[in-house]
Amino acid sequence: MELRAAKGTRDVLPGEVEIWQRIEQAVHRIFAGYGGREIRTPLFEPTELFVKSTGSDTDVVTKEMYTFEDRAGRSLTLRPEGTPGVARALLEHGLLRRGDGDRVYYIGPMFRYERPQKGRSRQFSQIGAEWFGSPHPAVDAEVMEMALALFTSLELSDLGLTINSVGHAACRAEYRRKLREALLPRQAELCPDCQRRLDANPLRILDCKVPSCQPIKDTAPVILDSLCGECRAHFDAVRGYLDVMEVQYTVNPRLVRGLDYYTRTTFEVTGGALGAQNALCGGGRYDDLVGSMGGPPTPAFGFAIGLDRLVLMVAAEQEAGRAAAGAPATDIYIAHLGEEALRSGLAAARALRRAGLTARLEPDARDMKKQMSRAAAAGARYTLILAEAEMARRSCALKRMSDGVQTELPLGDWQRVVQEMAVGR
Ligand code: AMP
């Protein structure tokens, strides 16, 4: 039997993982600068959580969830997105009321049973941010700007921010009526799902991916025209704050997001290389979610970035610009011969690493010449040579790889080695 990764999943191997780590570090650094703190929630949750929050008529819930019964007959689901779990966790631990846990972000895998294709898999990772507690339009602008700041720090170009407003519940009720009226005469031309949606949840039609539904959608009225005065003012204010922050954007009145809980601002960031269909980041305001989960009314704004897609883009950008990320730099390679030398080498490696250096030692190595070429291949700045002649004199040799200059130092005085390396920088 040939063992392979399950369909729609993939391994992240050394060579690529450095890009993931670079992105993760940028997330921690940049989001902290906006007051964000990391949260880690379980990979599976009671199924009910997603049905109630993501929406019982969304593609994610009806077609894409990995749902299973555990041995006690509970229905559980591998999380298809992060927001419901985060909202549940903050509610469960009373962090929304305390006010100190209300700006959180996460990085981790999500699971959706989708048709695998480039940039779309069944296990994929998202970077998400959820800012709870404020209905202020400046929060919308600042959180969108934060997503862009992350992309900019990763040196991505060709980014497009698209925004829209889907109003609050009453605006949407009004719009639903208008949409239904407009599409009813063309019901028979819609796909079977959309024919059903026309009665159950006409807004979902705008999110349908079936090609034959696209031209019909294009004739539908737009939600921006159904906004109440307050929602329109909110949207105008968001645009004003984006202008203040010199963030460029376009308004797409047909942008609705695939999940049920959005209110007012919705947005997407697309990246040039991926094309408009493959958004890099999506999100918006969800002022009713926490309330609908039984919590106190809590306005919120958030987004999710597709980490796998971001990695593809960063990798493409790196290839275009600089050399691809390789193995981490090695400060010092420790070449050894014989058991006694190996023991000294292990002690040296420990001391050097404690001093913040990266040290590499290969215990199986038997041949000094081979180790010298391994040191060069690893790009080591220095090689510590623990060979017979030096060992017999209770000393070791430190070789600077850039010019081959070798210094003899007393064996065991690893601090001297660190000092010598610092001088030779
Ligand atoms: P969503 O949670 O559907 O709003 O998606 C947010 C972002 O997650 C998208 O813009 C994509 O970048 C990414 N994403 C969603 N589904 C997948 C998938 N199946 N595979 C890879 N990335 C995905």
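Residues numbered from 1 in each chain as written. Predicted model: local features only at pLDDT ≥ 70, side-chain atom pairs only at ≥ 80, totals over all residues. Heavy atoms only, no water.

K.L.:
I would appreciate a short explanation of helix 8 (residues 192-200) in the present structure.
P.N.:
What helix 8 keeps buried is the set Cys-194, Arg-197 and Leu-198. The arc enclosing the buried residues of helix 8, seen along the axis, measures out at 110°, which places them on a common side. Exposed positions of helix 8 whose direction lies more than 90 degrees from the buried face are Pro-192, Asp-199 and Ala-200. Tucked into the core, helix 8 has its buried residues touching helix 3 (59-63) and helix 7 (169-183). (Buried < 20%, exposed > 50% of the residue type's maximum accessible area, 1.4 Å probe, protein only. Helix = DSSP H or I, 4+ residues; strand = E, 2+ residues; numbered from the N terminus. Arc of directions from axis to C-beta. Contact = heavy atoms within 4.5 Å.)

K.L.:
Got a minute to help me understand the layout of surface pockets in this structure?
P.N.:
A probe as big as a water molecule, rolled over the atoms, marks out the empty space that is left. Within this model, the second largest pocket holds a volume of roughly 320 Å³. Forming the boundary of the second largest pocket are 20 residues, of which Arg-172, Leu-259, Asp-260, Tyr-261 and Tyr-262 lie nearest the centre. Only helix 2 (47-53), helix 7, strand 9 (263-271) and helix 11 (289-292) provide two or more residues apiece to the lining of the second largest pocket. At 3 residues, the largest contribution of residues to the lining of the second largest pocket is made by helix 7. Residues belonging to the lining of the second largest pocket are distributed by class as follows: 8 nonpolar, 5 polar and 7 charged. Counting the residues that make up the lining of the second largest pocket, at least three belong to each of domain 1 (17-168 + 228-316) and domain 2 (170-224). (1 Å grid on protein atoms, 1.4 Å probe; cavity = no way out; pocket = protein on both sides within 12 Å on 5 of 7 lines; lining within 4 Å. Points joined across faces, edges and corners; volume = space filled by probe spheres on them. Nonpolar A, V, L, I, M, F, W, Y, C, P; charged D, E, K, R; others polar. Domains from an automatic or database assignment.)

K.L.:
Sorry, what's going on with the sheet that holds strand 4 (residues 75-78) here?
P.N.:
Either a parallel or an antiparallel arrangement is found when strands of a sheet pair, and the pairing is made through backbone hydrogen bonds. Read from one edge of the open sheet, 3 strands run 2-4-3, paired in antiparallel fashion. Among the strands making up the open sheet, the edge pair consists of strand 2 (44-46) and strand 3 (66-69). Each adjacent strand pair in this sheet contributes to an overall mean axis angle of 35°, direction not counted. With 4 bridges joining them, strand 3 and strand 4 adopt antiparallel strand pairing. By the bridge assignment, Glu-69 is partnered in strand 4 with Ser-75. (Pairing = 2+ DSSP bridges. Axes fitted to C-alpha atoms, helices over the stretch in contact; angles between N-to-C directions.)

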